[in-house]
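Next come the chains, spelled out residue by residue.
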Amino acid sequence: MPVNDEPMATESASDPTDTDGLPINELFHSIQGEGTLAGVPSVFVRTSGCNLRCWFCDSYHTSWEPTHAWMSLDDIEADVTGYDAVDHVVITGGEPMIHDEVDELLDRLHDAGYHTTVETNGTIYRDASIDLASISPKLASSTPTADVDPKGSGEWADEHEAKRIDMEALARLVEAYNFQLKFVVTDPADMKEITSMVDRIDDAATVTIDGEDVLLMPEGTTRERLEETREMTAELALEHGFRYTPRLHVDLWNDAPGT
């Protein structure tokens, strides 16, 4: 099983004003479950807070009900380096790029010799030490309309819809970093928007988006849900010439925290 040596606070903490740091929801050692580095042992640093509200969010307590413990950058770095035989670190959320201090954390990890992946929704660009930008643009099917809102009656729908795509930020991210475009597929109808968005990013950026840069990932935070979406997503990847990415952590540990 993955190790989670840093249990986080169960209620939101106020951001301190006298020190630099980040709101951390989880810090743990596991395997990367998604994308081109699936299967690689990694330390995950999960920040709290997000500028979007996907109805199917797999880290509910970083977005809909954000909880965290405040950690200094020194403490975060010390905890990361405390894991032996690991040279990959994944900064995830929530949306980690909303936090200014992420830049310094990434620089520190780079200087310490770690490969860094940042999991982002692609709405914010930062000039930082990122080895792999794992960009997951949010589709219209992610919008928390009243019928799928996990907490209310669609109060977040308009704001989510207005913010979910920032083409300038997406173009800058793919130009600046090694990247993967990772789309969560809930239904075959998503493919029209996915192919259109790939074309739009390709047009907006100065680099070419190839089929191998695009990953389709089945929606689902439990084994039962993945049973419903896995085969459909793989068939769509075959049909469109994109890559399929599993969710190994869900296959292995279902929806357990710290995975």
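Our subject is the structure listed above.
Source: prediction; values computed, not measured.

Student: Describe the overall build of the protein chain, naming the residues involved and giving the relevant values.
Tutor: If you tally the helices and strands in the protein chain, you get eight helices and nine strands. Against the globule reference of 18 Å for 259 residues, the protein chain gives a C-alpha radius of gyration of 17 Å, in line with a compact fold. For the protein chain, the spread of C-alpha atoms along the three principal axes comes to 50 × 40 × 35 Å. In the protein chain, which comprises 259 residues, the share counted as buried stands at 51%. Looking at the protein chain alone, contacts between residues at least 24 apart form 71% of all its contacts between residues at least 6 apart.

Student: Please give an account of the nonpolar core that cites residues and values.
Tutor: Among the nonpolar cores identified, the biggest contains 48 residues, and I76, F183, I194 and L216 are the most heavily contacted of them. When residues no more than four places from it in sequence are discounted, the contact partners of I194 are L139, F183, V185, L216 and F242.

Student: Report on the pattern of salt bridges, specifying residues and quantitative values.
Tutor: Taken as a whole and assessed by the stated rule, the structure comprises 17 salt bridges. Salt-bridge contacts for R108 lead to D74; the nearest nitrogen and oxygen are separated by 2.6 Å. Within this pair, whereas R108 is found in helix α3 (residues 102-111), its partner D74 is found in helix α2 (residues 73-81), the two being separated by 34 residues in sequence. Classification of D74 by relative accessible area gives exposed; the value is 52%. A salt bridge links R108 to E104; the shortest N-O distance between them is 3.0 Å. Of this pair, R108 and E104 both sit in helix α3, four residues apart, roughly one helical turn. Taken together, the shared-partner salt bridges in this structure form one network comprising E34, D58, E119, K182 and R247.

Student: Provide a residue-level description of the side chain of S59, including the pertinent values.
Tutor: Mapped onto the elements, S59 comes out in the loop between β2 (41-47) and α1 (60-63). Excluding residues within four positions of it along the chain, S59 makes contact with R46, G93 and G94.

Student: A description of the packing of α2 against α3 should follow, citing residues and the corresponding values.
Tutor: Packed helices, taken two at a time, are described by the angle between their axes plus the distance between the axes. Direction vectors running N to C along α2 and α3 enclose 35°, while the axes themselves pass 11 Å from each other. Relative to α3, α2 is oriented so that their crossing is right-handed. The segment α2 lies against α3, with L73, D74, I76, E77 and V80 engaging E104, L105, R108 and L109. Its residues assigned to classes, the contact of α2 with α3 comprises five nonpolar, no polar and four charged.

Student: Let's hear about the packing of aromatic side chains: which residues, and what values?
Tutor: Taken as a whole and judged by the stated rule, the model has three aromatic pairs. Their ring planes at 75° and their centres at 5.3 Å tell us that W55 and F56 sit as a pair that is edge-to-face.

Student: Any chance you could break down empty space enclosed by the protein for me, citing the residues and the numbers?
Tutor: Here the structure, examined in full by the defined rule, presents one cavity of 30 Å³ or more. Each pocket or cavity is described by its volume, and for the largest cavity that value is around 30 Å³. Lining of the largest cavity is provided by F56, S136, P137, K138, L139, S142 and V184. Broken down by class, the residue content of the lining of the largest cavity amounts to four nonpolar, two polar and one charged.

Rules used throughout
- Residues numbered from 1 in each chain as written.
- Predicted model: local features only at pLDDT ≥ 70, side-chain atom pairs only at ≥ 80, totals over all residues.
- Heavy atoms only, no water.
- Helix = DSSP H or I, 4+ residues; strand = E, 2+ residues; numbered from the N terminus.
- Rg over C-alpha atoms; globule rule 2.2 N^0.38 Å.
- Buried < 20%, exposed > 50% of the residue type's maximum accessible area, 1.4 Å probe, protein only.
- Contact = heavy atoms within 4.5 Å.
- Core = buried A, V, L, I, M, F, W, Y, C linked by side-chain atoms within 4.5 Å.
- Salt bridge = Lys/Arg side-chain N within 4 Å of Asp/Glu carboxyl O.
- Axes fitted to C-alpha atoms, helices over the stretch in contact; angles between N-to-C directions.
- Left-handed = near helix turned anticlockwise from the far one by under 90°.
- Nonpolar A, V, L, I, M, F, W, Y, C, P; charged D, E, K, R; others polar.
- Phe/Tyr/Trp six-rings, centres within 6.5 Å; stacked < 30°, edge-to-face > 60°.
- 1 Å grid on protein atoms, 1.4 Å probe; cavity = no way out; pocket = protein on both sides within 12 Å on 5 of 7 lines; lining within 4 Å.
- Points joined across faces, edges and corners; volume = space filled by probe spheres on them.

None of the figures reported here should be taken as evidence of function without further support.
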